[in-house]
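Take a look at the letters that make up each chain.
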Amino acid sequence: MSSQIVPLDSLTVSPSPRRGGCASSSCGTSPRPADVDAATWERIKDHPCYSEEAHHYFARMHVAVAPACNIQCNYCNRKYDCSNESRPGVVSERLTPQEAVRKVVAVAAAVPELSVLGIAGPGDALHDWKNTRATFEAVREVIPDLKFCLSTNGLALPDHIDEIAEMAIDHVTITINAVDPEIGARIYPWIFFDHKRRTGLEAATILLERQMLGLEMLTARGILVKINSVMIPGINDHHLAEVNKAVRARGAFLHNVMPLISDPAHGTHFGLTGQRGPTQSELKAVQDRLDGGAKLMRHCRQCRADAIGLLGEDRGQEFTLDRLPEVATYDPVARDAYRAFVAAEHGDRGAARDDAMRRIGAVADDARLLVAVATKGGARVNEHFGHSREFQVYEAGPNGITLVGHRKVDAYCMGGFGEDATLAPTIAALDGIDTVLCAKVGDCPRDALLAAGITVTDAHAFDYIEAAVGKIYAARFGRAIAAA
Ligand code: CLF
Ligand code: SF4
């Protein structure tokens with residue numbers, strides 16, 4: 001195999017001792033990626049979206065306090081009454097800032113993993129700035145150590161930079177789907193700007209200029225900015241490399257390319273006109289082409305605007321207003337204890353990861369392998385096949401082990417029984433996967449997947465994910481060395 005290590009992005013685990021820039025194997029105990037400095041790591045190490053490492057351990061919650069929006073995207077139709085859909089812009093209940101604070105305190109008391117409060121709509125957090133600001137200010141009074149994060153289309157961004165900085169909102173996401181107004185005009189039919197509704201090329205030109213200006217102003221203040229781009233086949237898929245280049249040049253910290261979710265039932269323009277979203281392999285191909293530009297986020301789950309929990313789960317229905325205690329008290333003890341547990345885990349996991357890298361490094365092959373993992377957090381193989389609603393997908397190869405995405409499925413096991421009808425769609429969703437790792441699997445799904453060419457094993461139950469993937473890779477390509 002090639003001995004040259006090419007960093008894929010900050011989220012890649014490499015077979016070389018890149019982490020922390022030290023050649024000692026003990027450096028594996030540091031989860032900090034080599035291309036992230038220590039000060040930045042302190043700011044992202046418990047943000048599940050800004051750090052792939054953190055997403056195994058830490059949770060975010062969104063409060064839906066910002067229903068209004070100042071633009072129209074062709075992929076958006078905001079609904080407030082559907083709890084079965086998981087996509088941005090959809091929420092079950094809107095909240096006032098006072099209700100939001102009650103909810104945040106209740107969630108912080110019950111979910112020690114909570115580290116970030118985000119406002120991501122269901123409209124635009126900055127267009128509804130009064131509510132956004134009131135919510136953040138009130139939460140800060142009660143829970144001072146919660147990170148604040150907001151997501152915006154960018155139109156109103158340049159007007160709020162000073163306040164964002166003053167309020168210590170350290171993470172801002174801007175959705176930028178194009179840097180060419182001709183392409184933008186195919187995505188945004190209108191904007192409302194400077195007291196007027198504007199359409200067509202004029203609308204796209206204004207919006208794109210304001211997005212770039214806002215990005216430059218934020219990065220000049222040292223605020224960490226993530227760019228979300230919705231990949232729309234035939235409209236902006238070929239253009240995303242240009243977007244990546246433009247946002248990188250302006251200091252964006254991360255670039256998250258997400259697939260268009262399009263269905264006539266959603267009532268969006270794209271859904272109703274038959275615009276399709278990309279396939280998994282089309283999305284991965286674009287993401288792979290962007291590696292080497294602005295760092296990529298590959299673990300986004302396209303959350304609802306009222307999502308709660310680790311990124312792969314949504315506990316929103318446990319915390320609807322009618323279920324909240326009238327008076328919730330915030331007690332930081334459990335959250336502090338959880339952070340101490342995560343810090344201790346990093347040591348064990350680093351050693352296991354180093355061992356996995358040695359196993360991969362000993363394989364004289366350039367082969368790549370896609371492994372799907374059933375996990376409920378903690379960076380371990382710890383979910384039953386039948387309970388899994390998503391599989392995290394890791395690519396193992398000469399450059400290391402990288403999380404490259406996830407596949408959503410319907411849980412096979414309903415009420416204690418296997419549901420054979422879900423197996424065919426699950427097998428289809430696992431297209432291209434070589435091996436599935438899970439904590440337990442029955443004979444029936446194991447045989448069905450094997451017949452489709454996919455191996456399922458629970459032999460690595462409760463191992464760290466990278467350790468298990470390393471063993472699978474080494475065993476498959478047959479040149480494993482004994483662990484040093
Ligand atoms: Fe929420 Fe967004 Fe902040 Fe994260 S989500 S406002 S940055 S705390 Fe995260 Fe959800 Fe993807 Fe967003 S997984 S949709 S990237
Ligand atoms: Fe919908 Fe967000 Fe677009 Fe506004 S900016 S139309 S809320 S997707």
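Preceding this section is the structure that the text describes.
Residues numbered from 1 in each chain as written. Chains lettered and ligands numbered in written order. Predicted model: local features only at pLDDT ≥ 70, side-chain atom pairs only at ≥ 80, totals over all residues. Heavy atoms only, no water.

Draft legend 1. Up close: the nonpolar core. In this structure, Val63, Leu117, Ile164, Ile169, Ile174 and Leu218 are the most contacted members of the largest nonpolar core, which totals 58 residues. A per-element tally of this core places helix H3 (residues 97-110) first, with seven residues. With near-sequence residues (within four places) excluded, Val63 lies in contact with Leu95, Ala100, Val104, Leu117, Gly118, Ile119, Gly121, Thr135 and Ala305. Cys73, Leu207, Phe253 and Met297 belong to the second largest nonpolar core, which has 32 residues in total. (Core = buried A, V, L, I, M, F, W, Y, C linked by side-chain atoms within 4.5 Å. Buried < 20%, exposed > 50% of the residue type's maximum accessible area, 1.4 Å probe, protein only. Helix = DSSP H or I, 4+ residues; strand = E, 2+ residues; numbered from the N terminus. Contact = heavy atoms within 4.5 Å.)

Draft legend 2. Region of interest: the sheet that holds strand S9 (residues 254-259). Within the open sheet, the seven strands sit side by side as S9-S8-S5-S4-S3-S1-S10. Their pairing is mixed. Two strands bound the open sheet, and with one partner strand each, they are S9 and strand S10 (308-309). Summarising the sheet, strand S4 (residues 147-152) and strand S5 (residues 171-175) pair through four bridges and their orientation is parallel. If you follow Ser151 over to S5, its bridge partner there is Thr173. Packed on one face of the sheet, helix H4 (residues 129-142) meets strand S3 (114-119) and S4 and runs near 170° to S4. Strands in contact with helix H7 (residues 200-220) are S5 and strand S8 (224-231); relative to S5, the strand with the most contacts, it is inclined by about 165°. (Pairing = 2+ DSSP bridges. Axes fitted to C-alpha atoms, helices over the stretch in contact; angles between N-to-C directions.)

Draft legend 3. Layout of the site of ligand 2. Ligand 2 sits among Cys69, Ile71, Gln72, Cys73, Tyr75, Cys76, Arg78, Pro122, Gly123 and Asn153. Along the lines of polarity and charge, the residues of the shell around ligand 2 split into six nonpolar, three polar and one charged. (Near = heavy atom within 4 Å. Nonpolar A, V, L, I, M, F, W, Y, C, P; charged D, E, K, R; others polar.)

Draft legend 4. Layout of the sheet that holds strand S12 (residues 390-397). Sheet architecture is open: five strands sit in the order S13-S12-S11-S16-S17, paired in mixed fashion. At either end of the open sheet lies a strand with only one pairing partner, and these are strand S13 (400-408) and strand S17 (455-457). Each adjacent strand pair in this sheet contributes to an overall mean axis angle of 25°, direction not counted. Bridging between S12 and S13 involves eight bridges; their strand directions are antiparallel. The partner of Val393 across the bridge, within S13, is Gly405. Packing of helix H10 (residues 280-290) onto the sheet brings it into contact with strand S11 (369-373), S12 and S13, and relative to S13 it is tilted by some 145°.

Draft legend 5. How the structure looks around the pattern of salt bridges. With the rule as written, the count across this model stands at 30 salt bridges. A salt bridge links Arg133 to Glu137, with the shortest nitrogen-to-oxygen separation between them at 2.8 Å. Residue Arg133 and its partner Glu137 are both found in helix H4; the two are separated by four residues, about one turn of the helix. Residue classification places Arg133 among the partly exposed residues on the basis of a relative accessible area of 23%. Residue classification places Glu137 among the partly exposed residues on the basis of a relative accessible area of 36%. Arg315 is the partner of Glu318 in a salt bridge, and the nearest nitrogen-oxygen pair spans 3.0 Å. (Salt bridge = Lys/Arg side-chain N within 4 Å of Asp/Glu carboxyl O.)

Draft legend 6. Representation of the site of ligand 1 within the structure. By nearness alone, 15 residues border ligand 1, and Cys49, His62, Cys149, Cys300 and Cys303 come closest of all. For the shell around ligand 1, the class distribution of residues is seven nonpolar, five polar and three charged.

Draft legend 7. Inspection of the packing of helix H11 (residues 333-361) against helix H14 (residues 465-477) at higher detail. Look at H11 against H14: their axes get within 8 Å of each other, and the N-to-C directions meet at 15°. By the angle class used here, H11 and H14 are roughly parallel. Judged by the twist between their axes, the crossing of H11 over H14 is left-handed. Judged by residue contacts, Arg349, Ala352, Arg353, Ala356, Arg359 and Ile360 of H11 engage Glu466, Ala467, Gly470, Lys471, Tyr473 and Ala474 from H14. (Parallel < 35°, antiparallel > 145°, perpendicular 65-115°, else oblique. Left-handed = near helix turned anticlockwise from the far one by under 90°.)

Draft legend 8. The packing of aromatic side chains, seen in detail. Across all of its chains, the model carries seven aromatic pairs by this definition. Aromatic pair Tyr50 and Phe253: ring centres 6.1 Å apart, planes at 15°, arrangement stacked. Highlighted residues: Tyr50 in the loop between helix H1 (38-44) and helix H2 (52-55) and Phe253 in the loop between helix H8 (240-249) and S9, separated in sequence by 203 residues. The rings of Phe58, Tyr338 and Phe341 are connected pair by pair, giving a single aromatic cluster. Above the plane of the ring of Phe148 lies Arg140, whose end atom (NZ or CZ) is 4.0 Å from the centre. (Phe/Tyr/Trp six-rings, centres within 6.5 Å; stacked < 30°, edge-to-face > 60°. Lys NZ or Arg CZ within 6 Å of the ring centre and 35° of its normal.)

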